[in-house]
Amino acid sequence: MANDMSENIKDVSMLDVANANENGKKRSQNTIVQSFSKLDIGDHRSTPPLMRRRSTLIFDDDDDPPKHEENVGSEVDLSDDRVQHSAGVADPSLDPDVSADPESSASSLGSITGQPQQQGSAEIGTSRSNASTPQTAAQNVIPVDITWQQGGNKVYVTGSFTGWRKMIGLVPDTTQHGVFHIKLQLPPGTHRFRFIVDNELRFSDFLPTATDQMGNFVNYLEIVSPEVTPKQEVTSQEPAPHQHKRASKAEEPLSARSKLALQIGEDPDDMGDGYSRFHGAVEHQAAYSYTRDIPAVFTDPSVMEQYYLTLDQQQNNQQNMAWLTPPQLPPQLENVILNNYSAAAQAGETGSENNSGALPIPNHVVLNHLATSSIKHNTLCVASIVRYKRKYATQMLYAPLQ
Amino acid sequence: MATNTPEAIAIEQKLAVQSIRKFLESKTSYDVLPVSYRLIVMDTSLLVKKSLNILLQNNIVSAPLWDSRTSRFAGLLTSSDFINVIQYYFSNPDKFELVDKLQLDGLRDVERAIGVRPLDTGSIHPFKPLYDACCKMLESRSRRIPLIDQDEETRREIVVSVLTQYRILKFVALNCRETRYLKRPIGELGIITEGDLLRCDMHTPVIDVIQLLTQGGVSSIPIVDEHGKLVNVYEAVDVLGLIKGGIYNDLSLSVGEALMRRSDDFEGVYTCTQNDKLVTIMDTIRKSRVHRFFVVNEEGYLTGVLTLSDILKYILFEEK
């Protein structure tokens, strides 16, 4: 039962507004991912069985830097960590700057490993202790054509993907003068790079540009794993009927809480349905429509009260009032890029200050979350990272408490 | 090779400036933004004294304002707003209560009360060329320009970022290799503001210096000794430290005493001579956070000032 409890606490953390929407998305993607991973088998001839077993979890490894074996290893223990997964899968169109903070992602993963999650994963049968190996992760690269078309004799490219140390030579195009190509195998994520043209550091005018923390102009590319595209194919259907369909399909016993959630919440976004999420929708083409309606359990105090009362009754006595424990913060939210700000400013080796406000590239799972400071002197500071076109703006708003 | 003759240098410089200009035309403000960056915004209902603390805490000197009732961008908070408040309080010492409870949206009233023309800060869309952003900045005599876009769904304004003259020039210094050809002495270019500069000495009361700042519409007042040698500078941003914590009773200090409040990481006063070249100036901009160069002669006497807008104007509009 102790295990059960930790699960429940995890569930509560799903109260997070952003995650609420992602639940639905996640389920729909599971199916898509699976069909894709089957296609993938042809390409990755060396480890086809592995790909199949990992089908529902394919996105998670996408996020991981391939070089971090222990990272992948620790994730095995997490196969039931729904917080991690729902977030990781929610929006695969964007990846963290993989090379930028491998430590932090590794440590945040590591921090959960200690929790009693294994039982749950065995129950569900998605355990993939042998499934994910470093090789599978390493294959997760996408061929990217990098072109230089502004002349020169010798053209190299260097960037975050080589740690800015190695230079990779580009091959001159035989048909066009002054055009050079190279095909690189890059993991998904944001890569920054520059060209070295005849011993001069240059950037291309034909690729997206941004400034780094020192103010240097660099080119950057956001590489998205190809699995993303089918996201648009999700068709719309009434969420509520689906919810019931799925519930009846689920063969594994639902936790008390999950059942409850299904009873109370008409909305699939309800946080309680943790258990069945990984397998429930796998067999058939999932169909969802997104909603802006906040589930009644969050808006109507009487529904909320009812929810917690029922919850209490269904729990064993020793876990009474367990819901009073504050929810645990999903681990990925603990890495606040704003907290790295001053460090980033000091990192300027040339002594130049970080006066453009440059921050590390955020992990996409932290986007659109609201972070707050503690209230000091009656002033509240909230911050949120949002996309602005192909960049990320972290807005901090200071406002008084009225 | 006759590349060292004044004529050849002049031609090189002309081509370099044209090339830099082209660069500014080809890049947008959006291009200058880092892939990920922070932006500090303040609600207009915030108290002025709290906003000051926030600026100091975050080590910034300006922030865009947001009116949460109308969901609109409400201008920029800059050091000149604090200067206005100081002047208002100085001429209305009985109004401490009002000053103490003043909110950011009350700053316009203060402006009106002391008869200051509100700073006209135009904004620009991030996808407009940098060149346009620079022009707009120079037109409005402002040192920064907010980048404003509209949300596609809600049609509401989005404050994307704020660009400053310094940031643009640093960007040029870092990323335009052409700056190395700017080898003409700046004295030749006619870009230095010379003659009767506003100045003060160490014993001038700081409130007088603050008045000089608004009078001249400048961002700094050079401090000279009795012979006219440059010894220090009082910057508009120094007033933030002066009234830190909402305390306005230090206005009787001399400017020398007021400077003791300056934080230790003060960059120092940058000087140059008539014979220095723009390449050196740009190099300094690249390396340090400098906002103006005081022009001194061989003996260290102040003869003029070269501001960032002078440099920007030259790059934007000269050497056609």
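Residues numbered from 1 in each chain as written. Chains lettered and ligands numbered in written order. Predicted model: local features only at pLDDT ≥ 70, side-chain atom pairs only at ≥ 80, totals over all residues.

- Under an unreviewed UniProt entry, chain B has the name 5'-AMP-activated protein kinase subunit gamma and belongs to Lachancea mirantina.
- Of chain B, the UniProt comment under Sequence similarities (unreviewed entry) reads exactly: "Belongs to the 5'-AMP-activated protein kinase gamma subunit family." (UniProt positions renumbered as here; feature names shortened; annotations may be inferred.)

- The name given to chain A in an unreviewed UniProt entry is LAMI_0F11826g1_1, and the organism recorded there is Lachancea mirantina.
- Reading the Sequence similarities (unreviewed entry) entry of the UniProt record for chain A gives the comment "Belongs to the 5'-AMP-activated protein kinase beta subunit family."
- Regarding chain A, the UniProt comment filed under Subcellular location (unreviewed entry) reads as follows: "Cytoplasm".

Some details on the overall build of chain B
- Secondary structure assignment for chain B yields 14 helices and 11 strands.
- Per-residue burial for chain B yields a buried fraction of 42% across its 320 residues.
- Across chain B, the fraction of contacts at a sequence separation of at least 24, relative to all contacts at a separation of at least 6, is 64%. (Helix = DSSP H or I, 4+ residues; strand = E, 2+ residues; numbered from the N terminus. Buried ≥ 20, exposed ≤ 12 C-beta atoms within 10 Å, placed from the backbone. Contact = placed C-beta atoms within 7 Å.)

Remarks on the overall build of chain A
- When helices and strands are counted, chain A shows 14 helices and 12 strands.
- Excluding contacts between residues fewer than 6 apart, the proportion of contacts in chain A whose partners are at least 24 apart in sequence is 71%.

Topic: the pairing of strand β6 (residues 189-197) of chain A
Residue and element names in this part refer to chain A.
- Counting buried positions along β6 yields 8 of 9 residues, so the element is predominantly enclosed.
- Inspection of the sheet shows strand β2 (residues 155-159) paired to β6 by 5 bridges, in the antiparallel sense. Bridge assignment links Val155 to a residue of β6, and that residue is Val197.
- With 5 bridges joining them, β6 and strand β9 (residues 217-223) adopt antiparallel strand pairing. Each residue of the ladder has a partner; that of His191, found in β9, is Leu221.
- Across 3 bridges, the pairing between β6 and strand β7 (residues 200-202) is antiparallel. Its bridge partner lying in β7, Val197 is registered against Glu200.
- Where β6 hands over to β7, the hairpin turn is made up of 2 residues, of which Asp198 adopts a positive phi near 50°. (Pairing = 2+ DSSP bridges.)

A word on the confidence of the model for chain A
Residues and elements named next belong to chain A.
- Scored by pLDDT, chain A has a mean of 61; 44% of the residues are at 70 or more.
- Below a pLDDT of 50 lies the segment residues 1-137, which in the model reaches 246 contacts outside its immediate sequence neighbourhood of four places, other chains included.
- pLDDT under 50 marks residues 258-283. Its contacts with residues more than four places away, or in other chains, come to 81 contacts. (pLDDT = per-residue confidence, 0-100.)

Let's talk about the sheet that holds strand β5 (residues 180-186) of chain A
Residue and element names in this part refer to chain A.
- Read from one edge to the other, the open sheet built from 3 strands follows the order β1-β5-β4, with strand pairing classed as antiparallel. Each end of this open sheet is capped by a strand with a single partner; those strands are β1 (142-148) and β4 (171-172).
- With 7 bridges joining them, β1 and β5 adopt antiparallel strand pairing. Of the residues in β5, the one forming a bridge with Trp148 is Phe180.

Comments concerning the packing of helix α8 (residues 165-175) of chain B against helix α13 (residues 278-287) of chain B
Residue and element names in this part refer to chain B.
- Orientation of α8 relative to α13, taken along the N-to-C sense of each, is 110°, at an axis distance of 8 Å. As judged from the angle between their axes, α8 and α13 are roughly perpendicular. Here α8 contributes Leu169, Lys170, Ala173 and Leu174 to the contact with α13, which in turn contributes Met282, Asp283, Ile285 and Arg286.
- A per-class count over the contact of α8 with α13 returns 5 nonpolar, no polar and 3 charged. (Axes fitted to C-alpha atoms, helices over the stretch in contact; angles between N-to-C directions. Parallel < 35°, antiparallel > 145°, perpendicular 65-115°, else oblique. Nonpolar A, V, L, I, M, F, W, Y, C, P; charged D, E, K, R; others polar.)

A word on the sheet that holds strand β1 (residues 36-43) of chain B
- Taking strand neighbours across the sheet as the criterion, the 6 strands line up as β10(A)-β11(A)-β12(A)-β1(B)-β2(B)-β3(B) in an open arrangement whose pairing is mixed. Strand pairing shows two members of the sheet lacking a second neighbour, β10 (370-372) of chain A together with β3 (72-77) of chain B, which therefore form its edges. Neighbour-to-neighbour, the strand axes of the sheet open up by a mean angle of 30°, direction not taken into account.
- Where β1 of chain B lies against strand β2 (residues 63-67) of chain B, 2 bridges are found, and the strand directions are parallel. When the bridges of β2 of chain B are listed, Met42 of chain B appears paired with Leu65 of chain B.
- Across the sheet, helix α3 (residues 48-57) of chain B touches β11 (379-388) and β12 (391-400) of chain A together with β1, β2 and β3 of chain B, and the angle it forms with β1 of chain B is around 165°.

Digging into the interface of chain A and chain B
- The interface is formed by 39 residues belonging to chain A together with 30 residues belonging to chain B.
- Of all the secondary structure elements, the ones that give two or more residues to the side of chain A that touches chain B are β8 (209-211), β9, β11 and β12 of chain A.
- No other element matches the 10 residues that β12 of chain A contributes to the side of chain A that touches chain B.
- Its residues assigned to classes, the side of chain A that touches chain B shows 18 nonpolar, 16 polar and 5 charged.
- Strand direction decides the pairing type here: β12 of chain A and β1 of chain B, joined by 7 bridges, are parallel.

So, α3 of chain B
Residues and elements named next belong to chain B.
- What α3 keeps buried is the set Val48, Lys49, Ser51, Leu52 and Leu55. The buried residues of α3 occupy one face: seen down the axis, they fall within an arc of 155°.
- Where α3 ends, the next residue or the one after it, Asn59, has phi of about 60°, a positive value. (Arc of directions from axis to C-beta.)

Some thoughts on the nonpolar core
- With 119 residues, the main nonpolar core has Val85, Ile86 and Val239 of chain B as its most contacted residues.
- Ile86 of chain B has contacts with Ile210, Val239, Ile243, Tyr248 and Leu251 of chain B, leaving out every residue within four places of it along the chain. (Core = buried A, V, L, I, M, F, W, Y, C linked by C-beta atoms within 7 Å.)

Focus: unusual backbone geometry
- Although it is not a glycine, His377 of chain A sits at a positive phi angle of roughly 50°.
- Here His377 of chain A is to be found in the loop between β10 and β11.
- The residue Ser71 of chain B is not glycine, and still its phi comes out positive at about 55°.
- Mapped onto the fold, Ser71 of chain B is located in the loop between β2 and β3.
- Accessibility expressed as a C-beta count within 10 Å gives 11 for Ser71 of chain B, which makes it exposed.

Observations concerning helix α4 (residues 79-91) of chain B
All names here are of chain B.
- For α4, spanning 13 residues, the distance from its first C-alpha to its last is 19 Å, which sits close to the expected 18 Å at 1.5 Å a residue.
- The buried fraction of α4 is high, at 11 of 13 residues.
- For α4, the set of buried residues is Ser79, Ser80, Asp81, Phe82, Ile83, Asn84, Val85, Ile86, Gln87, Tyr88 and Tyr89.
- At its buried positions, α4 is contacted by α3, β3, α5 (96-100), α6 (107-113), α10 (206-216) and α11 (238-242). (Expected span 1.5 Å × (residues − 1).)

Looking at the confidence of the model for chain B
- Looking at chain B as a whole, its pLDDT mean stands at 91, while 98% of the residues score no less than 70.
- As scored by the predictor, the complex reaches a pTM of 0.65 and an ipTM of 0.92.

Looking at the packing of α4 of chain B against α10 of chain B
Residues and elements named next belong to chain B.
- α10 packs onto α4 with a crossing angle of 125° between their chain directions and a minimal axis gap of 10 Å. Here α4 is positioned oblique relative to α10, judged by the angle of their axes. Read as a crossing pair, α4 and α10 show a hand that is left-handed. Every residue of α10 that contacts α4 at Ile83, Ile86, Gln87 and Phe90 is listed here: Ile207, Ile210, Gln211, Leu213 and Thr214.
- Taken together, the residues of the contact of α4 with α10 sort by class into 6 nonpolar, 3 polar and no charged. (Left-handed = near helix turned anticlockwise from the far one by under 90°.)

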